[in-house]
Amino acid sequence: MSKVAVVTGGTRGIGEAICVGLKAAGYQVAANYAGNDEKAQAFTERSGIPVYKFDVSNLAACQQGIAQIGQDLGPVAIAVNNAGITRDGTIHRMDQEDWQSVIDTNLGGCFNICRCVIAGMRERSFGRIVNIGSINGQAGQYGQVNYAAAKSGIHGFTKALAQEGAGKGITVNAIAPGYVDTDMVRAVPDNILEKIIAQIPVGRLGRAEDIARGVLFLVADDADFITGSTLSINGGQHMY
Ligand code: NAP
C-alpha cells in the first residue's frame, strides 16, 4: 500500500499543489480545509483527492479528523502542516483576536496535527513532517507581528521536534516560501506587490508548484538524513 499523506489547507494555493504533487508521486493524499466548501468541492472534482473539513486550531477537531483519515485511507505517514491565515495590521491597531487567531492557526495547528500523528509514526518507526513557515518568519515584516511570530515559531518547533523524532525514523523539516502567487498574496494591494516583486532577484512571484517540489524532496523515503532543516524557496529574496 502506498503511504498516506495529510496536507492541511490542502484545497487551495500552495496546499493544492502539494496534494497534486504527492498524488502524482504515488502517495494516498487527504486534503484538509477549514470552511470554504465550494473551493474544496471544486478541488476534489479536479484532483480526485478526498477532503476533510476541520479546524487545525482545535485539537479535538484534529483528533477526529486524523482518526477519520486513518479509517478511510490508513495510518498517516506524512504530515504537511500548510494551513495558514493572515490578519495583518501594525501592532498599535491590532486587536487581540487577530493576534490569537494567527498564532492558534499557523503555529497551534502545527502542534495539534503533530500531536495527533506522532504516536503512530513512532510506533511504525517512520514519519515525514514538513511545516510550512515563511520568509516573513525569517526576516520579519511590517504589519505582521502575529504572522511573523507564528512562522518564526514554526522554525523553532521544527528543530525541536526533529530532535525528538530522529531516533524513531521521523524527519521534521520546514519550508520557508517567499511570495507565492496564491489567494493570500493576491490580497496584497497592487502597489505593495509591485515593490515586493522588485525585491525578488528571480524577478517573479513563486508558483505553488515551486513549494510542492520542496515538499516532495523532503518526504521521500531516502531523505532520512535530512531533518531539522529549513529550505528557503523564495527566488533569492532572502538568503538565510
Ligand atoms: P491560501 O491560498 O490562503 O489557502 C489557505 C488554505 O488553508 C485553505 O485551504 C484554507 O481552507 C486552509 N485553512 C486556513 N485556516 C485553516 C484552519 N483553521 N484549519 C484548516 N485549514 C485552514 O494560502 P497559501 O497562500 O496557499 O498559503 C499556504 C501556506 O503557505 C500558509 O501557511 C502560508 O502562511 C504559507 N505561506 C504562503 C506564502 C504566499 O506567498 N502565498 C508565503 C509564505 C508562506 P479554506 O479554503 O476552507 O479557507
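Scroll up to find the structure.
Right, let's walk through the structure included here. (Residues numbered from 1 in each chain as written. Predicted model: local features only at pLDDT ≥ 70, side-chain atom pairs only at ≥ 80, totals over all residues. Heavy atoms only, no water.)

1. Comments concerning the sheet that holds strand S5 (residues 127–132)
- Strand order across the open sheet formed by 7 strands is S3-S2-S1-S4-S5-S6-S7, with parallel pairing between neighbours. In this open sheet, the two strands that pair with only one neighbour each are strand S3 (51–53) and strand S7 (230–233). Adjacent strand axes in the sheet meet at a mean angle of 20 degrees when their direction is disregarded.
- Bridging between S5 and strand S6 (residues 170–177) involves 6 bridges; their strand directions are parallel. Within the sheet, the bridge partner assigned to Arg128 lies in S6 and is Thr171. (Pairing = 2+ DSSP bridges. Helix = DSSP H or I, 4+ residues; strand = E, 2+ residues; numbered from the N terminus. Axes fitted to C-alpha atoms, helices over the stretch in contact; angles between N-to-C directions.)

2. Details of the environment of Lys53
- Tracing the sequence through the fold places Lys53 in strand S3.
- Look at Lys53 and you get partly exposed, because its relative accessible area is 46%.
- Separated by 16 residues in sequence, Lys53 and Asp37 place their C-alpha atoms 8.3 Å apart.
- Excluding residues that lie within four positions of it along the chain, Lys53 makes contacts with Tyr33, Ala34, Gly35 and Asp37.
- A polar contact is formed between the side chain of Lys53 and the side chain of Asp37, at a distance of 3.0 Å. (Buried < 20%, exposed > 50% of the residue type's maximum accessible area, 1.4 Å probe, protein only. Contact = heavy atoms within 4.5 Å. Polar contact = N/O pair within 3.5 Å; in protein donor to acceptor, adjacent residues only side chain to side chain.)

3. Notes on the packing of aromatic side chains
- Going through the model one piece at a time under the given rule, you end up with 0 aromatic pairs.
- Between the NZ or CZ atom of Lys3 and the centre of the ring of Phe126, over which it lies, the distance is 4.6 Å. (Phe/Tyr/Trp six-rings, centres within 6.5 Å; stacked < 30°, edge-to-face > 60°. Lys NZ or Arg CZ within 6 Å of the ring centre and 35° of its normal.)

4. Things to note about the nonpolar core
- Residues Ile18, Leu22, Val80, Val130, Ile132, Ile175 and Val215 are the most contacted members of the largest nonpolar core, which totals 27 residues.
- Per-element tally for this core: the top contributor is helix H9 (residues 208–219), with 6 residues.
- The residues touching Ile18, leaving out its near neighbours within four places in the chain, are Val7, Val80, Asn82, Ile132, Ala212 and Val215.
- Grouped together as the second largest cluster of nonpolar side chains are 26 residues, Val4, Val56, Ala162 and Val172 included. (Core = buried A, V, L, I, M, F, W, Y, C linked by side-chain atoms within 4.5 Å.)

5. Points about helix H4 (residues 96–124)
- The first and last C-alpha atoms of H4 sit 41 Å apart over 29 residues, in line with the 42 Å expected at 1.5 Å per residue.
- The sharpest bend along H4 comes to roughly 40 degrees, located at Gly108. (Expected span 1.5 Å × (residues − 1). Bend = angle between axes of the 7 residues up to and from the residue.)

6. Observations concerning the pairing of S6
- Summarising burial for S6: 8 of the 8 residues are buried, a large majority.
- Of the two faces of S6, the one carrying Ile170, Val172, Ala174 and Ala176 and the one carrying Thr171, Asn173, Ile175 and Pro177 are both buried.
- Pairing between S6 and S7: 4 bridges, direction parallel. When the bridges of S7 are listed, Ala176 appears paired with Ser232.

7. A look at the pattern of salt bridges
- Throughout the structure, instances matching the rule amount to 8 salt bridges.
- The shortest N-O distance in the salt bridge between Asp221 and Lys3 comes to 3.0 Å. In this pair, Asp221 sits in the loop between H9 and S7 while Lys3 sits in the segment before strand S1 (4–7), placing the two residues 218 residues apart along the sequence.
- Where Arg46 meets Glu16, a salt bridge forms, and the shortest distance between an N and an O atom there is 2.9 Å. Note that Arg46 is positioned in helix H2 (residues 37–47) and Glu16 in helix H1 (residues 13–24), a separation of 30 residues in sequence. (Salt bridge = Lys/Arg side-chain N within 4 Å of Asp/Glu carboxyl O.)

8. Observations regarding the site of the ligand
- Gly35, Asn82, Tyr147, Val180 and Thr182 are the nearest of the 31 residues found near the ligand.
- Here Thr11 contributes a side-chain N or O atom positioned 3.1 Å from an oxygen atom of the ligand.
- Taking Gly178, its main chain carries an N or O atom lying 3.5 Å from an oxygen atom of the ligand.
- Secondary structure elements with two or more residues in the shell around the ligand: H1, strand S2 (28–33), helix H6 (145–165) and helix H7 (183–186).
- In terms of residues, the shell around the ligand owes the most to one element, H7, which gives 3 residues.
- Among the residues making up the shell around the ligand, the classes are represented as 14 nonpolar, 13 polar and 4 charged. (Near = heavy atom within 4 Å. Nonpolar A, V, L, I, M, F, W, Y, C, P; charged D, E, K, R; others polar.)

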